[in-house]
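Structure at a glance
Residues per chain are reported as follows:
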Amino acid sequence: MNILVLNAGSATLKFQVVVTDADRIASDHDARLIRGQIERIGGESVITIRAADGGTRTLTAALRDVRAAVEWLVHFVTSPESGTGLTARGDLQAVGHRVVHGGEQFRHSVAIDEAVLRGIEANVELAPLHNPHNLRGIEAARAALGSGVPQVAVFDTAFHHTLPEHAYLYAIPYPLYRRHKVRRYGFHGTSHRSIAYRWRTLTGRARADVRIVTLHLGNGCSACAIKGGESIDTSMGFTPLEGLVMGTRSGDIDAALLDYIAAKEGLTLPQVEALLNNQSGLLGISGLTNDMRDLLAEAHEHDDRRARLAIDIFCYRARKYVGAYLAAMGGADAIVFAGGVGENSSEIRRRICDGLEWAGLRLDAEENARLVGGREGRISADDATLAAWVVPTDEELLIARDTYRVIAGVETA
Ligand code: ADP
C-alpha cells in the first residue's frame, strides 16, 4: 500500500511516501519512495526533496497555505519528475497524519471520520499551536485526494496513555483535573514507541520484556520510562514545555516564576510563556543559538563560557531524569538515545552517561564515537549491567505502518 505521510505545522509540511503492508512490516522491508519538507508556506515556499536513491534537490513554489502545499505535493509525487514511479493520484492509497494532541480520548491511531475530526477539534484548546495545523493538513489531503481515500491520525500523546495516575496527575486541586483535564499528557509518543520497537527488534526481546529509558534529544527533547513495553512516565507534561532543557524551551521551572518574571519585566503571562518556549533552553542560556552542533563548536573553538554552561545544564538535566526513571522502574536494561542530538553527538551522550557508573553503565568509547549519522547499535561496554544504545527514531515509518494496520484492521503494536 502506498501511503502518504504528512506532518503539517504552522508554516512547514513534512512528507514521505512509504510503501508498506503486512509482509513488508514482518520482514522490515518497507520502502520509501520520496521524503522531504515544504517550508515557508504562505510565501515563496522552499521545497526540499530526497528521492529514494538519496539524491536531494530544492525547489521553490508560491504556496499560499497548507491546502495549496498538499495540492502541489500530490501533483508532484505522482508526476514523472518525482521519480517515485507513481503516475496517478489513485496510486496514493491512504494518508497517515501526525496529530499532536489526542487528549484522553485517543489512545491509539484511528481512521479519520467526522467524529474523529470533532475529537481533534475538541483538543485544540489543549494544543492551540499544533492541532489546528494538523486539522488543516487533513482537510487539505481530503481536498486533494477525495473523501474515498482513507486517512489515519497517529497521535503524539497516544503512547503515553498508559501513564498511571500517580505519574500523570499534578499535585494541584483535583477538581482542576476533573473540570479542565489539567494533567500531564506527554508528547513525542510516536518517537518513543518507534525507538522502543526498534530496540526490542534489535535485541530480540518480547514487548513485555522492554524496560528502558528512551531519550529523544532533538530541538524538542523528552525522556520516557518504558516498562513492560509501555510508557509509565515521560518528561513532557500538559504541554511540551515541561521536562528536559531543549533548544529554545526551558523545561522544568518553578511555576511561581511566571508571575515574578511578568512583574519584573513588564510582560503579560502569555509573553512569559512565549519566553519560556521560544527564548529559553540552550538559546536562552548561551545567548547564541538553539543548535547543539553550533554550541559545541563555540565551546570548543572559542571556549565560550555560556555555551559551555548551556551544554552542562542540558546534560545534567538529562542525567537527572535518567536517574529518576531508573528509580521509577526499579532499574532498567538500557538507556536509548535518539533525535538529532542523540543520534549524532557522541560527546553529549558521553556527558549524559558520565556519572552513571553507579548504575552499572560504562560506555565503549570507540563504539560511542562510531555510531553517529544514523547508525544504530550498542555504545556501552560488554560488561555494563546498564547498557546504552543509539537507535535512530523513525516516526514517519511508524505512522505509515499504523496507517496500514488501522485500514487493514490489525492491531497497532
Ligand atoms: P527536531 O526536534 O526539530 O526534529 P532534530 O531531531 O533534527 O530536531 O534535532 C536537531 C538538533 O540536532 C539540532 O540542535 C542540531 O544541532 C542537533 N544535531 C544534529 N547533528 C548534530 C551533531 N553532529 N552534533 C550535535 N548536535 C547535532
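Predicted model only: the values in this text are computed from it and were never measured.

Spatially, 11-10-9-12-14-13 is the arrangement adopted by the six strands of the open sheet, whose pairing is mixed. Both edges of this open sheet fall to strand 11 (230–234) and strand 13 (377–378), since each of them pairs with a single strand only. Sheet topology note: the strand 9 (residues 211–217)/strand 10 (residues 221–227) ladder contains seven bridges and is antiparallel. Directly across from Ile212, in strand 10, lies its bridge partner Ile226. On top of the sheet, helix 7 (residues 189–203) reaches strand 9, strand 10, strand 11, strand 12 (334–338) and strand 14 (387–390); it is set at about 130° to strand 9, its chief contact.

Orientation of helix 12 (residues 305–329) relative to helix 14 (residues 346–353), taken along the N-to-C sense of each, is 55°, at an axis distance of 8 Å. On the basis of their axis angle, the class for helix 12 and helix 14 is oblique. Handedness of the crossing formed by helix 12 with helix 14: right-handed. Residues Ile311, Asp312, Phe314, Cys315, Ala318 and Arg319 of helix 12 touch helix 14, and the partners they reach there are Ile348, Arg351 and Ile352. Across the contact of helix 12 with helix 14, the residue classes break down as six nonpolar, no polar and three charged.

With that out of the way, let us pick up the sheet that holds strand 4 (residues 44–51). Taken in spatial order, the eight strands of this open sheet run 5-4-3-2-1-6-8-7, and their pairing is mixed. Of all strands in the sheet, those with a lone pairing partner are strand 5 (56–62) and strand 7 (110–111), marking the two edges. Alignment of strand 3 (residues 31–39) against strand 4, held across six bridges, turns out to be antiparallel. Within strand 4, the residue paired with Ile38 across the bridge is Ile47. Against the sheet, helix 16 (residues 395–408) engages strand 1 (2–8), strand 2 (13–19), strand 3, strand 6 (94–99), strand 7 and strand 8 (151–155), with an angle of about 125° to strand 6.

Attention shifts here to the site of the ligand. In the neighbourhood of the ligand, 13 residues make up the surrounding shell, with Asn219, Asp291, Met292, Arg293 and Gly340 lying closest. Take Asp291: an N or O atom from its side chain is 2.3 Å from an oxygen atom of the ligand. Here the ligand, which alone exposes 580 Å², has 69% of that area covered by the protein. At the level of secondary structure, the elements contributing two or more residues to the shell around the ligand comprise helix 11 (292–302) and helix 13 (339–344).

It is worth spelling out the packing of aromatic side chains at this point. For the coordinates displayed, the defined rule picks out seven aromatic pairs. Both rings, one in Tyr321 and one in Tyr325, keep their centres 5.7 Å apart while their planes meet at 75°; by these two values the pair is edge-to-face. Taken together, the positions of Tyr321 and Tyr325, both in helix 12 and four residues apart, correspond to about one turn of that helix. Among the residues examined, Tyr321 registers a relative accessible area of 13% and is labelled buried. Ring-pair connections join several aromatic residues into one group, and the members of that group are Tyr168, Tyr174 and Tyr177. When the ring centre of Tyr185 is taken as reference, the NZ or CZ atom of Arg183 above it lies at 4.8 Å.

Rules behind the numbers
Residues numbered from 1 in each chain as written. Predicted model: local features only at pLDDT ≥ 70, side-chain atom pairs only at ≥ 80, totals over all residues. Heavy atoms only, no water. Pairing = 2+ DSSP bridges. Helix = DSSP H or I, 4+ residues; strand = E, 2+ residues; numbered from the N terminus. Contact = heavy atoms within 4.5 Å. Axes fitted to C-alpha atoms, helices over the stretch in contact; angles between N-to-C directions. Parallel < 35°, antiparallel > 145°, perpendicular 65-115°, else oblique. Left-handed = near helix turned anticlockwise from the far one by under 90°. Nonpolar A, V, L, I, M, F, W, Y, C, P; charged D, E, K, R; others polar. Near = heavy atom within 4 Å. Polar contact = N/O pair within 3.5 Å; in protein donor to acceptor, adjacent residues only side chain to side chain. Areas by Shrake-Rupley, 256 points an atom, 1.4 Å probe, with all protein chains shown as cover. Phe/Tyr/Trp six-rings, centres within 6.5 Å; stacked < 30°, edge-to-face > 60°. Buried < 20%, exposed > 50% of the residue type's maximum accessible area, 1.4 Å probe, protein only. Lys NZ or Arg CZ within 6 Å of the ring centre and 35° of its normal.

Nothing here speaks to function; it is all geometry.
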